[in-house]
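The primary structure of each chain is shown beneath.
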Amino acid sequence: AQSVTQLDSQVPVFEEAPVELRCNYSSSVSVYLFWYVQYPNQGLQLLLKYLSGSTLVKGINGFEAEFNKSQTSFHLRKPSVHISDTAEYFCAVNLITQGGSEKLVFGKGTKLTVNP
Amino acid sequence: GAVVSQHPSRVICKSGTSVKIECRSLDFQATTMFWYRQFPKQSLMLMATSNEGSKATYEQGVEKDKFLINHASLTLSTLTVTSAHPEDSSFYICSASTSGSFVETQYFGPGTRLLVL
């Protein structure tokens, strides 16, 4: 069964510093991978997704992620963070059920706090 | 981008009452809508998937008679928590997609916080 592990529940970082939010998945089949961001009191917003092709995926707000099949990872990175990047970040993988339907399996989230 | 709204954003109710939560896709037609539940410091857990005009598909462990889902139109899905109890207190989030495939992006609503006293 597919599962998603976000190794860090909280990541504090100073403004303009680089950041990496880690995500590992377990799956025996091909996957689609996603990163979502949730700002306070708002819904989830898609940052980026990997479906196929280039393993380096660029998303909105200067974020990027790299799909590493051998390490089953999909870490999210940003070279220089802003205060406004403070939010909860969720990694997700698609799961295809036996019935053929699809659903997203989410990690527990990583709270990124950017300090001045 | 596509916008999904939820109403109400927050609701407090007495134990034993029923609560209806609406999820609307404002500027696109949602063939498929998903309902999630999120506990504090936990990930989103899919409760059910609904396709317009057909019965919802519930995840294992989710009581279909307690969490009634209706997807009567391409822009509206409702979740009714029947005979709510304190353990049903949670953050309920819907998402909408133009298809059931994840090649198409899911758009999430802002969530509804339910507190059952």
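Let me begin by describing the structure that accompanies this report. (Residues numbered from 1 in each chain as written. Chains lettered and ligands numbered in written order. Predicted model: local features only at pLDDT ≥ 70, side-chain atom pairs only at ≥ 80, totals over all residues. Heavy atoms only, no water.)

Structural notes on the overall build of chain B
Part 1 of the argument: Looking only at helices and strands, one finds zero helices and 11 strands in chain B.
Part 2 of the argument: Its helices and strands in sequence order give chain B the pattern β-β-β-β-β-β-β-β-β-β-β, from N to C terminus.
Part 3 of the argument: The C-alpha radius of gyration of chain B comes to 13 Å, within 12% of the 13 Å expected for a compact globule of 117 residues.
Part 4 of the argument: With respect to the principal axes defined by its C-alpha atoms, chain B has extents near 40 × 25 × 25 Å.
Part 5 of the argument: Buried positions account for 50% of the 117 residues belonging to chain B. (Helix = DSSP H or I, 4+ residues; strand = E, 2+ residues; numbered from the N terminus. Rg over C-alpha atoms; globule rule 2.2 N^0.38 Å. Buried < 20%, exposed > 50% of the residue type's maximum accessible area, 1.4 Å probe, protein only.)

What to know about the interface of chain A and chain B
Part 1 of the argument: Tallying the contact residues gives 18 residues for chain A and 20 residues for chain B.
Part 2 of the argument: On inspection of chain A and its partner chain B, the count reaches one salt bridge.
Part 3 of the argument: Elements with a contribution of two residues or more to the side of chain A that touches chain B: strand S5 (33–38), strand S6 (44–50), strand S10 (87–96) and strand S11 (102–106) of chain A.
Part 4 of the argument: Examining the composition of the side of chain A that touches chain B, we find that four residues originate from one element, S11(A), more than from any other.
Part 5 of the argument: Across the side of chain A that touches chain B, the residue classes break down as nine nonpolar, five polar and four charged. (Contact = heavy atoms within 4.5 Å. Salt bridge = Lys/Arg side-chain N within 4 Å of Asp/Glu carboxyl O. Nonpolar A, V, L, I, M, F, W, Y, C, P; charged D, E, K, R; others polar.)

Observations regarding the pattern of salt bridges
Part 1 of the argument: In the structure shown here, the tally under the stated rule is eight salt bridges over all chains.
Part 2 of the argument: When the shortest N-O distance is used, the salt bridge between Glu20(A) and Arg77(A) registers 2.8 Å. Placement of the pair is Glu20(A) in strand S3 (residues 19–21) and Arg77(A) in strand S9 (residues 73–78), with a sequence separation of 57 residues.
Part 3 of the argument: Look at Glu20(A) and you get partly exposed, because its relative accessible area is 35%.
Part 4 of the argument: We classify Arg77(A) as partly exposed; its relative accessible area is 27%.
Part 5 of the argument: The closest approach of N and O atoms between Lys103(A) and Glu59(B), which form a salt bridge, is 2.4 Å. Highlighted residues: Lys103(A) in strand S11 and Glu59(B) in the loop between strand S6 (57–58) and strand S7 (67–73), drawn from two different chains. Just as Lys103(A) is buried, Glu59(B) falls in that class too.
Part 6 of the argument: Because the salt bridges share partners, they merge into one network encompassing Glu20(A), Glu66(A) and Arg77(A).

Overview of the state of the cysteines
Part 1 of the argument: For the coordinates displayed, the defined rule picks out two disulfides over all chains.
Part 2 of the argument: Put simply, Cys23(A) and Cys91(A) are joined by a disulfide, and their sulfur atoms are 2.0 Å apart. Here Cys23(A) and Cys91(A) share a disulfide; its torsion about the S-S bond, -65°, makes the bridge left-handed. Placement of the pair is Cys23(A) in the loop between S3 and strand S4 (24–26) and Cys91(A) in strand S10, with a sequence separation of 68 residues. Taken as a pair, Cys23(A) and Cys91(A) share a single burial class, namely buried.
Part 3 of the argument: Covalently, Cys23(B) is tied to Cys94(B) through a disulfide, its sulfur atoms 2.0 Å apart. Disulfide Cys23(B)-Cys94(B): the torsion about the S-S bond is 80°, which places it as right-handed. (Disulfide = S-S within 2.5 Å.)

Things to note about the environment of Gln10(A)
Part 1 of the argument: With respect to the helices and strands, Gln10(A) occurs in strand S2 (residues 10–14).
Part 2 of the argument: Sequence separation between Gln10(A) and Ser80(A) is 70 residues; the distance between their C-alpha atoms is 18 Å.

Re the pairing of S11(A)
Remark: a regular strand shows side chains that alternate across the two faces of the sheet.
Residue and element names in this part refer to chain A.
Part 1 of the argument: For S11, the tally of buried residues reaches five of five residues, placing the bulk of the element in the interior.
Part 2 of the argument: Across the two faces of S11 the burial is the same, with Glu-102, Leu-104 and Phe-106 and Lys-103 and Val-105 all buried.
Part 3 of the argument: As paired strands, S10 and S11 are joined by five bridges and run antiparallel to one another. Each residue of the ladder has a partner; that of Asn-94, found in S11, is Leu-104. (Pairing = 2+ DSSP bridges.)

Regarding the sheet that holds strand S3 (residues 19–25) of chain B
For sheets, the rule is that strands pair by backbone hydrogen bonds, running either parallel or antiparallel.
All names here are of chain B.
Part 1 of the argument: Taken together, the four strands give an open sheet; going across it, the order is S1-S3-S8-S7, and neighbouring strands pair in antiparallel fashion. The strands lining the two open edges of the sheet, one partner per strand, are strand S1 (4–7) and S7. Looking at each pair of strands side by side, their axes are set apart by 15° on average, direction ignored.
Part 2 of the argument: In the sheet, S1 pairs with S3 via four bridges, with the strands oriented antiparallel. Across the sheet, Gln-6 pairs through a bridge with Cys-23, a residue of S3. (Axes fitted to C-alpha atoms, helices over the stretch in contact; angles between N-to-C directions.)

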